[in-house]
Each structure stands twice: as structure tokens, then as C-alpha cells.
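# Observations on the model geometry
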Amino acid sequence: MTHLVIPRKYRPQTFEELVGQESIKSCFLSLISRQVIPSAVLLSGTRGVGKTSTARIFSKALLCQDKQDSGNPCGVCDRCKQVERGNHIDVLEIDGASNNGVEAVRELRETAKYLPVEGAYKVYIIDEVHMLSNNAFNALLKVLEEPPAHLVFVFATTEPRALPATILSRVMQFTFQPIRTDTLATHLAYISKHENRPITKPALSQIALMGDGSLRDAEMLLEQVFAFFDPSHEITLTDLQQLFSLVSQTEICTLINHIGQSDTNEVVSLYHRLLNDGYDPYTLGLEVQKGMRYVMLARLSPKWLEKELDYIPEFLAKVTQVAKLPAFTHESLLMMFPCILKTLQTMRYADHPEWVLEACLVQLAHMHIWTRPTTQPSQSKPTAHQAKAPPQQLTPRPQQATPPPRPTHPPQQQSTSTVQGFLEIISSRDPILYGLLKSCQITLTDKHIRILKGANQFTFEQLKDKRNQEKILMCCQGTPYAKKILLFSDASPSEVATPKASLAPNLDDRRNHMLNHPLVKNIQKTLGGEIVKVIEDQGVVESDPGEIV
């Protein structure tokens, strides 16, 4: 008789035999018992959790001749046997990875309109449905919108996000969760008992951990273990460590204990001994990451750790003891875990990954020192030496003559340091804007930032653009210049330098001064014109807030 591997031999044939998917079992049994059959269902989840097995059990339940009251198929009628063998005429199982073209979907649409040969339903199971092309999805969409009453689609995928939203809105979705480690260990113990293969509980727990939530992966590992050892040999945890080159949990706990004690010499010594024993550096890094996670859970969530490691009491006790070290504070642990994660990513592309991990372990051994809160000296009592020290005699400085008061200037004549500070702020926040501003004349008042044309007309026009004005105001946020109003003036710097006080004291004198100006007289004589009205040019005299002169 041909040997069947464990995943095929112990594949579930009824909903009751599904491992670790209690909510999905109940939902399918309820739908079938009440005869509420959806036209399309989507089974999503990680690898090896029972998606395809559920699709086949669902097909058997729809076609079974002697279905149980609970909704489970009988498993003994001809139709159930044919579905198990994969040769039932009304159940078509398609691999979406190899039949992902639009032509395959068009052929499926042509055959879907025919009535089933046996039973009341025709079932199409499309595995890895996310591999279909966009054209194939579009061709499939019409059948999903108006499906025949006898047609049922069962989609299975590991990447439900890759499916179009138009497909997801027309299917009933079931999400399969990764199987718990203790559930996997219980199932592996059941298989070992039926296979009459002696194996210790710690070894079963280790295989369940290596399965990482996948039932099929755990069963294949168990198949490999059974194939390697003699049937009469009792398989232990040590045997698994030799077979799969696993790092001993005791060694990992010892390494983390040295890290918690900041014993760098012991950390490096133990690490090199593990390397000399032939362990892969990346595998060591993964084991350290897993051990640090257990330590973090022991400090932050001990009840969850007890639930996860209750089947390995010895290892749980060691982790709990190590987690009590003062170095493993909440702050240091929350920094250690990202450090290990970043190291594992770097090791993938490093020429010497063992050096990268070595530096990481040394860094972890001193992590608690970096996270130690720094205490600032605040009004500490003087020491005895300081108390006995005689007070210092301060020699009086010679009095200097009081400088004469500086002459007051108008608001436009601010000190260069103030303008320089404004330019330094712009330079640190927007270097391009600083390049435009430094070619212009800038003056500051108590309320305004005035920008004069200077020698470059093009730069001045760029600064007058509304977007650049907003940038200047944004750069001034949080600075002493934030509340100042931005003004622009076409006047030349020489005109600005003339103080307002130099003008004539009253309007009549200024008017007479303009009428008697030589330039005005010359123009009047040449053109023979007559002066009708005199308008005083205010120049750069301050305007209303927000006005651009």
C-alpha cells in the first residue's frame, strides 16, 4: 500500500475534525442545517490552516446523500467518496495560479450555466484566487452578480487584500486564524498516539512552536521526525535539537541572563561557543529575539506568557526568573526588541552577519544604562569641603564713565543684527527663499518687515508673489518676527535712507519747494505746460496694514 504522509492521512473530512477554527465550524454548520447557502464564499488566512479542506467539506455537505442533522456530511456515500478522491463531476477544483487567464474564466462561465448532473449544486473551488489577472476578475464579475441558483463558488486565498473590491463585496468572507501552539501540540500528540510513535511532551511542544500557527507545517515536521528515527525510539527534545540544529532554550536563557547582568565577557564567550558549535548566526538572532519577547511578556503581561508556555513549565520558570533582573525595565525592553529586529534586517545583506549580531548583543548588554533616567542636580546641599571654603572676595571693578545716550532713529533704521537674525531664520528654514531675500534691502520696524527693491527687479517681483509671501510668514512662525506685517516698496535704498524729518515742516513749504524745483521749471519751459494740481508723493511713508506700496 502506498504510504500517505501525515497531512494527507489526517486531513479533516468533516467540520468537527477541523483544528482550531471553532467559529468557522459553527457558522458553516448553521448555514447548511438551515439551508441558507451563499452563492460565493471567500476563505482567507495563512498557509496550512484548513482553507482547502473546508472548501471540500463544504462541497461534500452540499452534495451528500445522507447528510447529518448537524450539517456534517456522512462521509460514506458515493458522492462523499468521489469528492474526497477529487473526481466528482459537479465539483471542479481550479488552481488560480496556473489558470489565471481570462480564457480559463470564460470557459468556466460557459460550463456554469449547465445544471448539475448529481445533487442540487455545482461547486467551483478556486484556490489561490488572488493570482487571477484583472481581466479574469472582470470576466468572473458578471457570474458573481447574477449567479444561477445551482452554482456555488468557493474562493481560497492567502492574500485577500489583492482581490478587487468589486469581488469582495459579492462574497461571504471567512477569515481563518493561525492555530494556537497548545492546540497544535494536542493534535500532534493525537497523531503520535495513533501512529504508535513514542515522543515526549517537550518534543511535541517544540514541533508545535516550529509550526508557527500552521497545522500542515507542524504535521510535515512530525513526518520528518518519524522518518528519521527508529519507530521504537522515544523522541526527545535533544533529538530535535540535533536533527534541526536548534539552539537549546537553556543556552538562550543563559545568554539573556548575561545580557541582563551586563556581563559582556560572558555574552561574547557564550556567543562564540555557539558559533563554534555550528549554529547559524541568523538562527541565533531569531532565537534571541524570541527569548527577549518572552522576557518582555514576563514583565509586561505575565498571564499571557503563562498561557503561551504552560506546556513547557521548565522554560517558563527560567524566563520568569531572568525577567526579574533590574536591567530589564519597561523602557529598556521596549528599546531592546526594535534593536534586535533592525539587526536581523541588517544581517540579511551583511558580508559578516556574525559580527553584526555580536555588536547587537554587546549593545543589548548596556541598553539599560542608556535608558537610565538622568537626574539633574537641583539645589543639592553643599558638601563639607564646600561649606568650609572661605567666601571669595570680589574685587570691585573700576567705574567707567557712563556713555552718552545714543541718538534715536526712526523705526526704519533698525540695527543690522536684527535684520541679520531675520535672515538667519529664513536661511535655516528655506534656503531658496533666503537667496531671494539677501539681494534686497530689508528694514524692520516694531510692526513691519519692509522689503525694498534693491538692484534686482526680477528677484523683487518673485518675492512679491503671494506664495513666497506666505512662505516668509510661515518661516517666521514661533519667532519674534511672527506678528510683523509684511510690506513691499519699489523705492530705492537711497530714498529710504532720507529721514522723514528732513522734509519741509508743513504742506505749503513742501508745495513751494516742488514748484520751484529746477527740474519742474525746466519741464514747464520746454513743454509750455501749466501746473494744474500738485500731488504729494508719500514715498515709503508707512501705509495701512497689509497694503503694498
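Residues numbered from 1 in each chain as written. Predicted model: local features only at pLDDT ≥ 70, side-chain atom pairs only at ≥ 80, totals over all residues. Heavy atoms only, no water.

### Structural notes on the sheet that holds strand β6 (residues 441–444)
One open sheet holds the three strands; their spatial order is β6-β7-β8, and the pairing between them is mixed. The open sheet is flanked by β6 and β8 (485–489), the only strands paired with a single partner. With direction set aside, neighbouring strand axes in the sheet form an average angle of 20°. Note: β6 against strand β7 (residues 448–452), four bridges, orientation antiparallel. Residue pairing across strands places Thr 443 opposite Arg 450, the latter belonging to β7. (Pairing = 2+ DSSP bridges. Helix = DSSP H or I, 4+ residues; strand = E, 2+ residues; numbered from the N terminus. Axes fitted to C-alpha atoms, helices over the stretch in contact; angles between N-to-C directions.)

### Concerning the sheet that holds strand β1 (residues 40–45)
Pairing within the open sheet is parallel, and its five strands lie in the order β2-β3-β4-β1-β5. Only two strands of the sheet have a single neighbouring strand rather than two, namely β2 (91–95) and β5 (172–176). On average, adjacent strands in this sheet sit at an angle of 15° to one another, irrespective of strand direction. As paired strands, strand β3 (residues 122–127) and strand β4 (residues 151–157) are joined by six bridges and run parallel to one another. Along β4, the bridge assignment pairs Asp 127 with Ala 156. Packed on one face of the sheet, helix α5 (residues 102–112) meets β2, β3 and β4 and runs near 165° to β3. (Contact = heavy atoms within 4.5 Å.)

### Digging into the confidence of the model for the chain
Taken over all residues, the pLDDT of the chain has a mean of 80, while the share at 70 or more is 83%. Predicted confidence is poor over residues 495–504, with pLDDT under 50, and the contacts of this stretch with residues over four places away or in other chains come to nine contacts. A low-confidence stretch, residues 538–549 stays under pLDDT 50, and its non-local contacts, those more than four residues away or across chains, total 21 contacts. (pLDDT = per-residue confidence, 0-100.)

### Thoughts on the state of the cysteines
Scanning the entire structure with this criterion turns up zero disulfides. Cysteine Cys 74 is unpaired, with the sulfur of Cys 64 as its nearest cysteine sulfur at 3.3 Å. By relative accessible area, Cys 74 is classed as buried at 18%. (Disulfide = S-S within 2.5 Å. Buried < 20%, exposed > 50% of the residue type's maximum accessible area, 1.4 Å probe, protein only.)

### A short note on the environment of Ile 94
For Ile 94, the position within the fold is in strand β2. Considering only alpha carbons, one finds Ile 94 and Val 129, 35 residues apart in sequence, at a separation of 9.1 Å. In this structure Ile 94 touches Asn 99, Leu 108, Ile 125, Ile 126 and Asp 127, once residues within four positions along its chain are discounted.

### As for the packing of aromatic side chains
Counted according to the given criterion, the structure contains seven aromatic pairs. Ring plane angle 80° and centroid distance 5.0 Å describe the contact between Phe 228 and Phe 229, whose orientation is recorded as edge-to-face. Given a relative accessible area of 54%, Phe 228 falls into the exposed group. Residue classification places Phe 229 among the buried positions, given a relative accessible area of 13%. A ring pair is formed by Tyr 294 and Phe 315, whose centres lie 5.6 Å apart and whose planes are at 75°; its orientation type is edge-to-face. (Phe/Tyr/Trp six-rings, centres within 6.5 Å; stacked < 30°, edge-to-face > 60°.)

### Focus: unusual backbone geometry
The backbone of Asn 196 shows a phi angle near 60°, a positive value even though the residue is not glycine. Among the secondary structure elements, Asn 196 is positioned in the loop between α8 (181–195) and α9 (201–211). Relative accessible area serves as the criterion here: at 64%, Asn 196 is assigned to the exposed category. Unusually for a residue other than glycine, Asp 212 sits at a positive phi of about 55°.

### Overview of the pattern of salt bridges
For the structure shown, the criterion picks out twelve salt bridges. Close ionic contact of Lys 9 with Glu 195 constitutes a salt bridge, the shortest N to O distance being 2.9 Å. In this pair, Lys 9 is assigned in helix α1 (residues 6–9) and Glu 195 in helix α8, connecting sequence segments 186 residues apart. Of the residues examined, Lys 9 reaches a relative accessible area of 46% and is grouped as partly exposed. What makes Glu 195 partly exposed here is its relative accessible area of 25%. Among the salt bridges present, the one from Glu 118 reaches Arg 79, with a minimum N-O distance of 3.9 Å. One end of the pair, Glu 118, is in the loop between α5 and β3; the other, Arg 79, is in helix α4 (residues 78–85), and 39 residues separate them in sequence. For Glu 118, a relative accessible area of 29% gives the class partly exposed. (Salt bridge = Lys/Arg side-chain N within 4 Å of Asp/Glu carboxyl O.)

### Some points on the packing of α8 against α9
Between α8 and α9, the shortest axis-to-axis distance is 8 Å and the interhelical angle comes to 125°. Classed by the angle they form, the pair α8 and α9 counts as oblique. Between α8 and α9 lies a crossing of right-handed hand. Together, Thr 181, Leu 184, Ala 185, Leu 188, Ala 189 and Ser 192 of α8 and Leu 204, Ile 207, Ala 208 and Leu 209 of α9 make up the contact between the two elements. Classifying every residue of the contact of α8 with α9 by side-chain character gives eight nonpolar, two polar and no charged. (Parallel < 35°, antiparallel > 145°, perpendicular 65-115°, else oblique. Left-handed = near helix turned anticlockwise from the far one by under 90°. Nonpolar A, V, L, I, M, F, W, Y, C, P; charged D, E, K, R; others polar.)

### Regarding the side chain of Lys 25
Here Lys 25 lies in helix α2 (residues 22–33). Look at Lys 25 and you get buried, because its relative accessible area is 8%. Reaching out from Lys 25, the side chain makes a polar contact with the backbone oxygen of Leu 18 at a distance of 3.0 Å. If near-sequence neighbours (up to four positions away) are discounted, Lys 25 is found in contact with Phe 15, Glu 16 and Leu 18. (Polar contact = N/O pair within 3.5 Å; in protein donor to acceptor, adjacent residues only side chain to side chain.)

### Some words on the packing of helix α12 (residues 249–260) against helix α16 (residues 313–322)
Where α12 meets α16, the closest approach of the two axes is 10 Å, and the angle between their N-to-C directions is 5°. Of the possible angle classes, the one that applies to α12 and α16 is roughly parallel. Here Gln 249, Thr 250, Cys 253, Ile 256 and Asn 257 of α12 lie close against α16, whose contacting residues are Phe 315, Lys 318, Val 319 and Val 322. Across the contact of α12 with α16, the residue classes break down as five nonpolar, three polar and one charged.

### Considerations on the nonpolar core
In terms of nonpolar packing, the biggest core is built from 49 residues, with Phe 15, Phe 58, Val 154, Phe 174, Ile 207, Leu 222 and Leu 240 touching the most fellow members. Ignoring sequence-local partners within four residues, the contact set of Phe 15 consists of Lys 25, Phe 28, Leu 29, Ile 32, Thr 54, Ile 57, Phe 58, Ala 61, Gly 71 and Asn 72. (Core = buried A, V, L, I, M, F, W, Y, C linked by side-chain atoms within 4.5 Å.)

### Thoughts on helix α14 (residues 281–300)
Counted at 1.5 Å a residue, the expected span for α14 with its 20 residues is 28 Å, and the 28 Å between its end C-alpha atoms agrees. The backbone nitrogen of Tyr 282 lies 3.2 Å from a side-chain oxygen of the residue at the head of α14, namely Asp 280. (Expected span 1.5 Å × (residues − 1).)

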